[in-house]
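Examination of the molecular architecture
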Amino acid sequence: MVYNQLMAKLKSRIQIRNLLARQCLAEFLGEFVLMFFTLGAVAQSVTSKGAKGDFFTMFLAGALAVVAAIYVGGIVSGAHLNPAFSLTMCLLGRFPWVKLPIYALVQTFAAFCAAAATYVLYYDALQSYTGGNLTVTGPKETASIFATYPAAYLTLRGGFVDQVLGTCVLIVGALAIMDSRNKKVPESLQPVVIGLLILTVELSMGSNCGVPLNPARDLGPRLFTYIAG
């Protein structure tokens, strides 16, 4: 009885009552989970020189990470996980404009923190793989573990088209999955179907830019690599 009372009192003290604060925390946790799994899969593949992963395992991990992230933050924040999706929801009148910059900052900061956590987790592997010389280009570059870079053949126009088309397909697909007036997907299974959508986009559009399709996913880790040197 005393234990239950103490736990109830502790819960009441640490409970976050402000809705926006809860939404920001949920969005942060969801984005962190998404990026930590995604970057970790890439780091594992690169530092093992392909012995413990390849393009498919990286794409699969990224898709499953989206599923986990939506389950983590979906009920509280809607699990936008992407400034482009938050912007789309604003344009459709489903999300207040005043929250857009807040969500975008939280998503970017969470991606930054996930990159830092990945760096700490794989620090020894990175040092062993590169000999302590972390570079953006070259045969043993490691910058692409954290941020996405275009293929050598890709033009500026091609990169623009790649990202616009990929983002449009992703957002249209996600909206269709969540639309109750469409062929309804049970709400509890929507994260799984969205994960399959992500995997499809990755497998069909991954060679040009690595399918970032998410400003926070790219900017946050890119800022970390700049600070980490």
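Figured I'd write up the structure that's included with this text. (Residues numbered from 1 in each chain as written. Predicted model: local features only at pLDDT ≥ 70, side-chain atom pairs only at ≥ 80, totals over all residues. Heavy atoms only, no water.)

**Concerning the overall build of the protein chain**
Heads up, the condition is: Secondary structure elements are defined from DSSP: runs of H or I of at least 4 residues count as helices, runs of E of at least 2 residues count as strands, and each element is numbered from the N terminus. Radius of gyration: C-alpha atoms only; globule rule: 2.2 Å multiplied by the number of residues to the exponent 0.38. For this analysis, residues touch if any pair of their heavy atoms sits within 4.5 Å. Reported accessibility uses the Shrake-Rupley method at a 1.4 Å probe radius. Residues are deemed covered only where the shown protein chains occlude them.
Of regular secondary structure, the protein chain possesses ten helices and zero strands. Mapped in sequence order, the helices and strands of the protein chain form the string α-α-α-α-α-α-α-α-α-α. The C-alpha radius of gyration of the protein chain comes to 19 Å, within 12% of the 17 Å expected for a compact globule of 229 residues. Oriented by its inertia axes, the alpha-carbon framework of the protein chain measures out at about 60 × 45 × 30 Å. Across the protein chain, contacts joining residues at least 24 apart in sequence account for 74% of those joining residues at least 6 apart. A total of about 12800 Å² of accessible surface is found on the protein chain, and carbon and sulfur atoms cover 68% of it.

**Regarding the nonpolar core**
The nonpolar side chains of a soluble globular protein tend to be buried, and buried together. The cut-off we apply is this: Take the buried Ala, Val, Leu, Ile, Met, Phe, Trp, Tyr and Cys residues and link them wherever side-chain atoms come within 4.5 Å; each set so joined is a nonpolar core. Buried, partly exposed and exposed residues are distinguished by accessible area as a fraction of the type maximum, computed with a 1.4 Å probe on protein chains only: under 20%, between the cut-offs, and over 50%, respectively.
Counting 35 residues, the largest nonpolar core has Leu-34, Ile-145 and Phe-146 as its most contacted members. When contributions to this core are tallied by element, the ones reaching two or more residues are α2 (19-47), α3 (55-77), α5 (100-121), α6 (123-130), α7 (143-146), α8 (156-178) and α9 (190-205). Filtering out sequence-adjacent residues up to four positions away, Leu-34 remains in contact with Gly-62, Ala-65, Val-66, Ala-69 and Leu-81. Grouped together as the second largest cluster of nonpolar side chains are ten residues, Ala-84, Phe-85, Leu-100 and Ile-171 included.

**Focus on α2**
In plain terms, the rule: A helix is expected to reach a length of 1.5 Å times the quantity of its residues less one. Counted as a polar contact is a pair of N or O atoms within 3.5 Å, where, for protein atoms, one must be capable of donating a hydrogen and the other of accepting one, and residues adjacent in sequence contribute only when both atoms are in side chains.
Compared with an ideal rise of 1.5 Å per residue, which puts 29 residues at 42 Å, α2 spans 41 Å between its outermost C-alpha atoms and is within 8% of the ideal. Regarding α2, its N-cap is Asn-18, as a side-chain oxygen of that residue lies 3.1 Å from the backbone nitrogen of Leu-20 further along.

**Brief notes about the pattern of salt bridges**
Filter applied, for reference: Each salt bridge in this description consists of a side-chain nitrogen of Lys or Arg and a carboxyl oxygen of Asp or Glu lying within 4 Å of one another.
Evaluation of the coordinates by the stated rule reveals two salt bridges. We note a salt bridge from Arg-181 to Asp-179, for which the minimum N-O separation is 3.2 Å. The class of Arg-181 is exposed, set by a relative accessible area of 73%. Taking the shortest distance from any N to any O, the salt bridge between Arg-222 and Asp-218 comes out at 2.8 Å. Taken as a pair, Arg-222 and Asp-218 lie in helix α10 (residues 215-228) at a separation of four residues, close to a single helical turn.

**Here we look at the packing of α8 against α9**
Spelled out, the test is: The axes used here are C-alpha line fits, helices contributing only the stretch in contact, and every angle between their N-to-C directions lies in the interval 0 to 180 degrees. Should an angle fall under 35 degrees it is taken as roughly parallel, and over 145 as roughly antiparallel, whereas 65 to 115 is taken as roughly perpendicular and any remaining angle as oblique. Left-handed is the label given to a crossing in which the near helix is rotated counterclockwise from the far helix by less than a right angle, and right-handed is the label when the rotation is clockwise.
One can describe the packing of α8 onto α9 by two numbers: an axis separation of 10 Å at closest approach and a directional angle of 160°. In terms of orientation, α8 and α9 fall into the roughly antiparallel class. Seen from above, α8 lies across α9 with right-handed handedness. Across the interface between the two elements, Asp-162, Leu-165, Gly-166, Val-169, Leu-170, Gly-173, Ala-174, Ile-177 and Met-178 of α8 pack against Gln-190, Val-193, Ile-194, Leu-197, Ile-198, Val-201 and Met-205 of α9.

**Some remarks on a nonpolar patch on the surface**
Our working rule: Patches were defined on residues exceeding 30% relative accessible area and lacking a salt bridge, with like-charge contacts within 9 Å and nonpolar side-chain contacts (Val, Leu, Ile, Met, Phe, Trp, Tyr) within 5 Å.
Taken together, Phe-55, Phe-56, Leu-60, Leu-64 and Leu-203 make up a surface patch of nonpolar side chains, about 460 Å² in accessible area. It is α3 that contributes the most residues to the nonpolar patch, four residues altogether. Looking at where Phe-56 falls in the secondary structure, it is placed in helix α3.

**Let's talk about the environment of Pro-96**
Structurally, Pro-96 can be placed in the loop between α4 (83-91) and α5. The exposure class of Pro-96 is partly exposed, given its relative accessible area of 38%. In the structure, Pro-96 is positioned ten residues away from Ser-86 in sequence and 9.4 Å away in space, judged by C-alpha atoms.

**Side note on the packing of aromatic side chains**
For clarity, the threshold we go by: The pairing test for Phe, Tyr and Trp rings, Trp by its six-membered ring, is centres within 6.5 Å, and the orientation test on the planes gives stacked under 30 degrees, edge-to-face over 60, and tilted for anything in between. Counting as a charge over the ring demands two things of the Lys NZ or Arg CZ atom: a distance within 6 Å of the ring centre and an angle within 35 degrees of the ring normal.
All chains considered together, the criterion is met by ten aromatic pairs. Considering the side-chain rings of Phe-28 and Phe-32, the 6.3 Å spacing of their centres and the 20° angle between planes classify their relative orientation as stacked. Placement of both Phe-28 and Phe-32 in helix α2 is noted, with a separation of four residues, approximately one turn of the helix. Classification of Phe-32 by relative accessible area gives partly exposed; the value is 23%. Here Tyr-119 and Tyr-123 contribute two aromatic rings whose centre-to-centre distance is 5.6 Å and whose plane-to-plane angle is 80°, an arrangement assigned as edge-to-face. For Tyr-119, a relative accessible area of 17% corresponds to the buried category. Chaining the aromatic ring pairs together yields one cluster made of Phe-28, Phe-32, Phe-36, Phe-37 and Phe-109. Between the NZ or CZ atom of Lys-140 and the centre of the ring of Tyr-129, over which it lies, the distance is 5.6 Å. Sitting over the face of the ring of Tyr-149, Arg-222 holds its NZ or CZ atom 4.7 Å from the ring centroid.

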